[in-house]
Amino acid sequence: MIQKQQLGKRVAWTAITGGFVVVAGLLLVGCSKSADKPASQVAVKVNREELTIHQVNLLLEQQRALRPDQVEAARKFALERLIDQELAVQKAIEIKLDRSPRVMQKIEAARRDIIARAYLERVGEGASKPSEAMIYKYYTDNPALFSERRVYQLQEWFIEVDPAQADAVRAKAQTTKVATEFTDYLRASNLKFESNQAIRAAEQLPLGHLAAFAKMNDGETTINTTPNGLQVVTLVGSRREPVEISRVKPVIEQYLLNEQKTRIIADDIKALRNAATIKYVGGFADAASGAAPTAADAASNNASNVK
């Protein structure tokens with residue numbers, strides 16, 4: 001099951017460029033040189049090196065949704081983190097750790113990530129703000145999320161079962177009306193399983209499965225295949241909690257904007273690939289013949305499949 005991030009899911013280029021923020025922070029700390037910085041921007045001196053207010057602010061940008069009363073404490077904490085990082089960097093340089101091949105490879109990887117991310121952010125700026133008509137259409141096209149939204153009380157079982165036993169488990173799950181009876185059956189069959197109860201709103205369910213859940217009546221069961229066996233979900237009960245468009249308009253707008261950025265970036269990467277000469281070498285040449293989808297393909301497909 002997924003969390004509420006579905007409507008506001010992150011743009012797919014974060015998967016392309018990777019997570020490099022912490023490494024970048026370390027690099028920025030290590031690059032602080034006092035000669036080029038005005039004194040008014042210095043936050044602290046650590047031995048002979050200076051850390052600036054800009055570095056503190058950069059670290060703060062990584063913290064989302066800070067309340068006004070939390071900012072000052074967060075600034076102080078960020079500064080202390082930078083001091084610890086600077087001390088570690090200074091010691092690493094002293095023992096020449098910064099010159100080790102592994103560290104140099106990571107520095108180069110972080111540099112590439114930063115530059116690639118900056119480019120993709122620039123490309124994503126081409127996305128335009130969704131119109132009122134687009135927002136309203138998304139709202140009306142997804143009643144299970146909005147006008148007919150429900151909150152579901154679920155009983156779930158995650159069962160490890162081989163194909164030979166799967167049909168019997170499926171049949172039992174469909175015919176059993178009491179959760180404890182099905183649990184007793186799994187134990188008596190010596191099957192490994194985990195079970196839990198959960199209350200999830202429509203936006204916390206996988207969008208690909210939401211339409212099926214919206215059609216379920218209380219007491220009905222759905223069964224999904226998993227890599228290790230089966231997931232059995234019984235709808236114990238539900239209640240209607242619709243939301244007006246005025247409440248979710250900003251969320252829909254951001255989602256549609258992010259979705260548009262995803263498509264623009266995926267199209268740009270595809271165009272760059274088409275224009276480039278890419279030759280796989282060695283063992284990768286054999287793997288390339290399988291025509292595995294690229295990250296850009298995945299991003300494009302996700303954008304087109306998610307409504």
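Look above for the structure.
Residues numbered from 1 in each chain as written. Predicted model: local features only at pLDDT ≥ 70, side-chain atom pairs only at ≥ 80, totals over all residues. Heavy atoms only, no water.

## Re the overall build of the chain
Put simply, the rule is: Each helix is a run of DSSP H or I of at least 4 residues and each strand a run of E of at least 2, with the numbering of both proceeding from the N terminus. Think of it in three bands: with a 1.4 Å probe and only protein chains considered, a residue is buried below 20% of the maximum accessible area for its type, exposed above 50%, and partly exposed in between. Whether two residues touch is decided by their heavy atoms; if any such pair falls within 4.5 Å, the residues are in contact. For the accessible areas, the method is Shrake-Rupley and the probe is 1.4 Å, while residue cover comes only from the protein chains on display.
Scanning the chain for helices and strands turns up 12 helices and 6 strands. When the 307 residues of the chain are sorted by exposure, 34% land in the buried category. Looking at the chain alone, contacts between residues at least 24 apart form 73% of all its contacts between residues at least 6 apart. Carbon and sulfur atoms make up 54% of the accessible area of the chain, which totals about 19500 Å².

## Some remarks on the pairing of strand E1 (residues 42-46)
Counted only if it meets this: The pairing criterion for strands is at least two bridges between them, as found by DSSP.
Relative to strand E2 (residues 49-52), E1 is paired through 4 bridges, and the arrangement is antiparallel. Residue pairing for E2: Val 44 is matched across the bridge by Leu 51. Here E1 folds back onto E2, and the loop between the two strands holds 2 residues, one of which, Asn 47, carries a positive phi near 55°.

## Focus on the packing of helix H7 (residues 163-175) against helix H8 (residues 179-188)
The condition is simple: Orientation is described by axes fitted as lines to C-alpha atoms, over the contacting stretch for helices, and by angles from 0 to 180 degrees between their N-to-C directions. For this classification, under 35 degrees means roughly parallel, over 145 means roughly antiparallel, 65 to 115 means roughly perpendicular, and everything else is oblique. Note on convention: the crossing is left-handed when the near helix lies turned anticlockwise from the far helix by less than a right angle, right-handed when the turn is clockwise. Throughout, the ten residues Ala, Val, Leu, Ile, Met, Phe, Trp, Tyr, Cys and Pro are labelled nonpolar, Asp, Glu, Lys and Arg are labelled charged, and all others, Gly among them, are labelled polar.
At a closest axis distance of 10 Å, the pairing of H7 and H8 adopts a crossing angle of 160°. Classed by the angle they form, the pair H7 and H8 counts as roughly antiparallel. The handedness of the crossing between H7 and H8 comes out as right-handed. Facing H7, whose interface residues are Ala 168, Val 169, Lys 172 and Ala 173, H8 presents Glu 181, Phe 182, Tyr 185 and Leu 186. When its residues are assigned to classes, the contact of H7 with H8 shows 6 nonpolar, no polar and 2 charged.

## Some details on the packing of helix H3 (residues 53-60) against helix H4 (residues 71-94)
Put simply, H3 and H4 touch, their axes get as near as 9 Å, and they point 110° apart. The orientation of H3 relative to H4 falls into the category roughly perpendicular. Seen along the crossing, H3 lies across H4 with a hand that is right-handed. Along the contact surface, H3 presents Gln 55, Val 56, Asn 57, Leu 59 and Leu 60, while H4 presents Ala 74, Arg 75, Ala 78, Leu 79, Arg 81 and Leu 82. Taken together, the residues of the contact of H3 with H4 sort by class into 7 nonpolar, 2 polar and 2 charged.

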